[in-house]
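Residue-level structural notes
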Amino acid sequence: MTRSPEPRVVQLLASPVHRYVGRPADGPAPAPEGELVDEIRVRAGLGIVGDRYFGRPAHREASVTLIAQESLPPGADLRQVRRNILTAGIAVDELVGAVLVLDSGAGPVRLRVNRPANPCAWMDVAIGPGAWKALRRRGGVRCTPLTDGVLRVGPVRVAVEHPPAQRP
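Nothing here was measured: the structure is a model prediction, and the numbers come from that model.

**Observations regarding the environment of Asp103**
By the element assignment, Asp103 lies in strand 7 (residues 99-103). Looking at Asp103, the relative accessible area reads 12%, which means it is buried. Sequence separation between Asp103 and Val150 is 47 residues; the distance between their C-alpha atoms is 8.3 Å. Residues in contact with Asp103, not counting those within four places in the same chain, are Pro108, Pro155, Val156 and Arg157.

So, in structure tokens, the structure goes:
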């Protein structure tokens, strides 16, 4: 019997800049120093402190993004896919409509999983030819943070809260 890996936060990214602007053929903007971090501070309704989408009204329902390491080809990471949280052992793409609760030791952080984070043509430039197509339906999810908290790289406790069934 194959055992699933223990849930983990593998990487965290809080980047103050947009790197994928213009056309993919022109290449991405340079990465700032320190965008990969060991911990992030999450603020309810606002996002990740220090991230490019923090507090922006147009991104409130998508201010925190997650992707499963199992979806990425070997060697790819958050610097290429521009998501905030890279997990292992959590099938994040299956959680649209649920609330994901992550606790890496500093208390639970609740994230409402709103919709898929569909990949774009930049993936073929950032990761390699064919990545855009390979990441379809596996590009991660866009979330709204419901509570303040801190997430750290390392083991994470996971709970999933499903909304009550809708009555016709």
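**Overview of the environment of Pro73**
If you trace the backbone, Pro73 turns up in the loop between strand 5 (64-68) and helix 1 (78-81). The exposure class of Pro73 is partly exposed, given its relative accessible area of 35%. Residues Pro73 and Gly128 lie 55 residues apart in sequence; the distance between their C-alpha atoms is 9.5 Å.

**Describing the nonpolar core**
Counting residues in each nonpolar core, the largest one holds 22 residues, and the members touching the most others are Ile40, Leu66, Ile85 and Leu102. Contributing elements (two or more residues each) for this core: strand 1 (8-13), strand 3 (39-43), strand 5, strand 7, strand 8 (109-116) and strand 9 (141-145). When residues no more than four places from it in sequence are discounted, the contact partners of Ile85 are Val9, Gln11, Leu12, Ile40, Val64, Thr65, Leu66, Ile67, Leu78 and Leu151. By size, the runner-up hydrophobic cluster in this structure holds 10 residues, among which are Leu72, Val81, Ala131 and Leu135.

**Observations regarding the side chain of Thr144**
You can see Thr144 is positioned in strand 9. On the accessibility criterion, Thr144 (7% relative accessible area) is buried. Of note is the side chain of Thr144, whose polar atom sits 2.8 Å from the side chain of Asn114. What Thr144 contacts, discounting residues up to four positions off in sequence, is Arg60, Glu61, Arg110, Leu111, Arg112 and Asn114.

**A closer look at the pattern of salt bridges**
Summed over the entire model, instances satisfying the criterion amount to seven salt bridges. Between Glu39 and Arg152 there is a salt bridge, with the nearest N and O atoms lying 3.0 Å from each other. On the criterion of sequence distance, the pair formed by Glu39 in strand 3 and Arg152 in strand 10 (residues 149-152) is long-range, its members being 113 residues apart. In this structure Glu39 comes out as partly exposed when scored by relative accessible area, which is 41%. Between Arg79 and Asp77 there is a salt bridge whose closest N-O contact spans 2.5 Å.

**Section: unusual backbone geometry**
Although it is not a glycine, Arg82 adopts a positive phi angle of roughly 60°. Secondary-structure assignment places Arg82 in the loop between helix 1 and strand 6 (85-88). Given the relative accessible area of 8%, Arg82 is considered buried.

What counts as what
Residues numbered from 1 in each chain as written. Predicted model: local features only at pLDDT ≥ 70, side-chain atom pairs only at ≥ 80, totals over all residues. Heavy atoms only, no water. Helix = DSSP H or I, 4+ residues; strand = E, 2+ residues; numbered from the N terminus. Buried < 20%, exposed > 50% of the residue type's maximum accessible area, 1.4 Å probe, protein only. Contact = heavy atoms within 4.5 Å. Core = buried A, V, L, I, M, F, W, Y, C linked by side-chain atoms within 4.5 Å. Polar contact = N/O pair within 3.5 Å; in protein donor to acceptor, adjacent residues only side chain to side chain. Salt bridge = Lys/Arg side-chain N within 4 Å of Asp/Glu carboxyl O.

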